[in-house]
Every structure is written in C-alpha cells, then in structure tokens.
Amino acid sequence: MIEPALASPPRPPRLPSPLKFLRALQDSFISVWPDAAYSNPITAIRIGTRRMFVANSPAFAKHVLLDNAGNYHKTPVARRLLAPALGQGLLTAEDDTWKRHRQIVAPMFAPRRIAALGEAIVDETTRYLAHWQGLEGAPFDLTEAMAAITLGIITRTMFSADSQEETATIAADMDRYQRILRPSLLDFIGAPDWLPRPGTRAAQRIGDDLTETIARMIVRRRALGEDRDDLLGLLLAAVDRGDLTAREIRDEIATVFTAGHETTAMTLGWLFYLLDRRPEVETRLLAEIDTVLERRPATAADIDRLPYARMVIDEAMRLYPPAHSMTRFALGPDQLGDVAIPAHSVVVVSPWLIHRNPALWPDPDSFDPERFSPARSEGRARYSFIPFGAGPRICLGAGFAITEAVLVLATILQHWRVRMVPEHPVEPIALITLRPRYGLRATALLR
Ligand code: HEM
C-alpha cells in the first residue's frame, strides 16, 4: 500500500539568503532547511557577524549536549524569548542556580513517584472524555482537546486540584505568549538588549499576569495550612528552608507548568493524526490495548505490557518532535568534526533534522512504529533519537511524559476512535514547540 504523504514544511531548494532566512525563522524554524540540511552532519550559516552551526548527527549531538556541555549555555535569544514568562526557572537558568533548582525539583520526578500518579492521570482523562459524549461526530480542535487533558493532569498531579482556576489562567496566558513572541531581526544583528523588540512589552505584561496568578495560587495553598505531597508543596518547603526565593518559586512553577503540558499534548495530537493516516497501525494498537486491559482502567503497572503503544509514541515523537530544536551559545571555541566553532557562535542541535536524517533512518518521512521494535532498534546510535534532549539538561519530565502519554492514549482508545476532518490542511510549524499551523480538526466516534 502506498502511504499518503505526511504533513511536512516547505523545503526550499537551497538555504535562503540571510534576510529571507531570518524572515522564515520568525515564522517557523523548520521551514528554512533544504534537502541537503537533512543529510549533512553540519550546516553552517552566517548572518551578519553572527555564525550558526546546525548539528545533525548523533556524535555532534552527544558532543554538544553531553561531552562538552560545560562549554555551552542556552542562547541569549532563547533567554530573551522565555525570560518574561519563565524568569530563571529550570529551562533558562545556568550553572549554580540551575544545579540548585534541579536538585530541589528532581525528587518530584523519581520513578516511584511518577508511578503513583498513574491513577490521577487516568482519572483526569476519563473525566475530560465525558465532554466527547455530546460531541459525537461534530468536528473539534484536537490539539485544544489534548491540551485540556494534559492541563488537567499537570494541575492535579503537580499543584493539586485546589489550583484549577489559576492553572487555567496560566495556560491561556502561555498560549497567548507563544503566539505573540517571535525572534526579532534585532536579535541576529547583535543589537543590545535594551532596544525594544516587537512583542516584548506584551510579553512582559503576560509575565506580570503570571506573577499575580502564581502569587494567588501560593496564598490559597498557604491558607489551607496543610502539607500536600505535590510539586507546589515541595517548592514551598524549599522556600521555608531558605533554599528558594519567592521569585524563584514563581519561575519554577511557570516553567514546570509550561514545559509540562503542551509538549505532551502536541505528541498526542500528532500521534492521532498519524493513526488516522495508517489504519493498520491503529488496528494493532487497539488489539494490544483491548487484550492487556480487557476494558478495565489502565494503571502505571500496565505500561510495560503495552510495548506497541510505546513504539507508536516514540515514532510520533521522531516525526514530530515537540522540542524541535535545542539552541546553545558557545562560551569558548569548540570543534565539531572538521568544523571549527568560534566562541560566541550559536550551535543548534536539531531533533527535527536528526530524526529525519536519511543516513540514520531509512525512508525517514514515513510513519513506521516497527522502527522501534527491539530487533530494529539494536545497534542504533543512542543520540539519533533525542526527543527529550540529552546530557545534564535532559528533560526532567521525560518519565512523567511517557507514563502520561501511554495512559492517556490507552484510556482514549479504549472507548473512542479519532478521525481527522479530511479537507482540513495540516502543516507543522516550529514556534517554541512544534505545532500544527491550522490546528488539527477531528471528530471522535464511540467504538
Ligand atoms: C513529550 C513531552 C516532552 C518533551 C518532548 C520534552 C522535551 C524536552 C527537551 C528537549 C528538553 C531539553 C531542552 C534543552 O536541552 O534545551 C526539556 C527540558 C525540560 N523539560 Fe521536558 N519535555 C516533555 C515533557 C515534559 C514534562 C511532562 C515536564 C514536567 C512535568 C517537563 C519538564 C522539563 C523541564 C523542567 C526541563 C528543563 C530541564 C533542565 O534544563 O534541567 N517536560 N524537555
């Protein structure tokens, strides 16, 4: 059977000129790469006085993210884009601040603790799916639906249900934030930070709103006068011990909240899009879920017994990695193969390109979960699949995200099939995360 082509961004015949490159970057970071960038291990770009190197090989990814991670910080552009909302949280902080924060937050993501959250994940999903009963057959936006589910889950598991009102406000703010914020041309010509960029003021206003919302959330929790075993409780205890400041707790809440719900929602949205294109994959997945669960609710203990679901999730993240590009700023000079990396250049490690590099993945643009079977995974370079990054800055929530994705997927498919509205256009666009430009129009049908 000939597989229908999957949604992909335009591929220009060659790298655009610097000005066009910058314009394209403002719209979507993945629409600038010509065919050659998908197979070359490194692509070098010069924009004015700035140099950018795009690493597209497992060895270079490992070098930048792990072996020589000490030579790299997040880029000033990424920090400028994220700081109004996330301040100095885990995604943006560096060095000692980052290390301290990571030590404080990490216990929340220990495997035993994640497994204990399985019931809440399934329960939140089931609660949301009650909305679909009335919708049957009517089109809706699937990315919004998945974001509503993952928002419910992050709220309940990290901030307990008493914070629902605040987390809905934070989610709406962050969605608006991502829509208005774009890298500015000024960022690439080395203009100083004090020169105003478009969207900066609006971003700061959203940052102020977030500060107020989070303050309300903390007041409400403190007023309860009881300890809760969730992330908010963990962070407040760190404040009480003097390990975190009031500003830092605000930044960490905004960070885990932002990093922790849209990425998983996008993974699930793209996954349903892919299942719609390949009914035989869906059939096999449904058979696995029905056999293992026999209609009872899924639990964290089922995850190892649903290996095909995990393969489908991995393949969805290979084709549509929610974190499409990791950008780094070289503190000192470095060397990637034959290419000298001068100090202060930008190095991009691109899951988008690495996951579609034909030297690493045969027939890279096709959806084939079997690639992740144990037999076919054997011998594959570890760093050819990096949806969660690598090295010290690897995603702290990776284990949580996988548990969540498997349980949400199984819970939905136990009762529902999701179908895409055929004529609706689908195109990936790389903002902070990889999103479908026009959303995903879908219908849900009871099985
Ligand atoms: C499919 C879902 C997810 C994907 C694809 C993803 C991907 C990533 C990637 C690639 C990074 C590294 C960024 C870099 O090196 O520049 C990262 C960092 C991070 N992620 Fe995730 N993530 C996901 C879900 C989550 C969840 C559910 C949480 C929390 C509940 C979370 C929390 C974090 C945090 C706190 C960091 C910063 C870690 C640090 O720098 O120490 N992520 N994520």
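For every chain, the first residue of its written sequence is number 1, and the numbers climb from 1 along that sequence. Where local features are concerned, this predicted model is filtered to residues with pLDDT of at least 70; where side-chain atom pairs are given and counted, the filter is 80 or more; whole-chain, interface and lining totals use all residues. Heavy atoms throughout the structure, all of them, feed into the side-chain values; hydrogens and water do not.

Proximity criterion: a residue is near a molecule or strand once any of its heavy atoms comes within 4 Å of it. The local shell around the ligand holds 27 residues, among which Trp 98, Arg 102, Arg 328, Arg 393 and Cys 395 are the closest. As used in this structure description, the phrase polar contact means that two N or O atoms lie within 3.5 Å; if the pair is within protein, one of them must be able to donate a hydrogen and the other to accept it, and residues adjacent in sequence are counted only when both atoms belong to side chains. Separating an oxygen atom of the ligand from a side-chain N or O atom of Trp 98 is a distance of 2.7 Å. Arg 102 places a side-chain nitrogen or oxygen 2.7 Å from an oxygen atom of the ligand. A run of DSSP states H or I qualifies as a helix once it reaches four residues; a run of E qualifies as a strand once it reaches two. Both are numbered from the N-terminal end. Elements represented by at least two residues in the shell around the ligand include exactly α5 (95-105), α14 (262-277), β5 (326-330) and α19 (398-415). Element by element, the count of residues in the shell around the ligand is highest for α14, at three residues. Per-class residue counts for the shell around the ligand are 17 nonpolar, six polar and four charged. Any residue that is not Ala, Val, Leu, Ile, Met, Phe, Trp, Tyr, Cys, Pro, Asp, Glu, Lys or Arg is counted as polar, Gly included; the first ten are nonpolar and the last four charged.

Let us look at the environment of Tyr 38. The topology assignment puts Tyr 38 in helix α2 (residues 35-39). Residue Tyr 38 is classed as buried on the basis of its relative accessible area, which comes to 2%. Between the C-alpha atoms of Tyr 38 and Pro 18, which are 20 residues apart in sequence, the distance is 19 Å. When near neighbours in sequence (up to four residues on either side) are disregarded, Tyr 38 contacts Pro 9, Arg 11, Ile 30, Trp 33, Asn 56, Trp 352, Leu 353, Arg 356, Asn 357 and Pro 358. Relative accessibility under 20% of the residue-type maximum defines a buried residue, over 50% an exposed one, and the middle range a partly exposed one, all with a 1.4 Å probe and only protein chains included. In this analysis, two residues are considered to be in contact whenever any of their non-hydrogen atoms come within 4.5 Å of each other.

A word on the sheet that holds strand β2 (residues 50-55). If DSSP finds at least two bridges between two strands, the strands pair. As summarised here, the arrangement of the five strands in space is β1-β2-β8-β5-β3, forming an open sheet in which the pairing is mixed. Looking at which strands have only one partner, the edges of the open sheet turn out to be β1 (42-47) and β3 (72-74). Between one strand axis and the next, the sheet turns by 30 degrees as a mean value, whatever way the strands run. Examined bridge by bridge, β5 and strand β8 (residues 346-349) share four bridges and lie antiparallel to one another. When the sheet's bridge partners are listed, Met 326 is paired in β8 with Val 349. Here, axes are lines fitted to C-alpha atoms. For helices the fit covers the stretch in contact, and angles between N-to-C directions go from 0 to 180 degrees.

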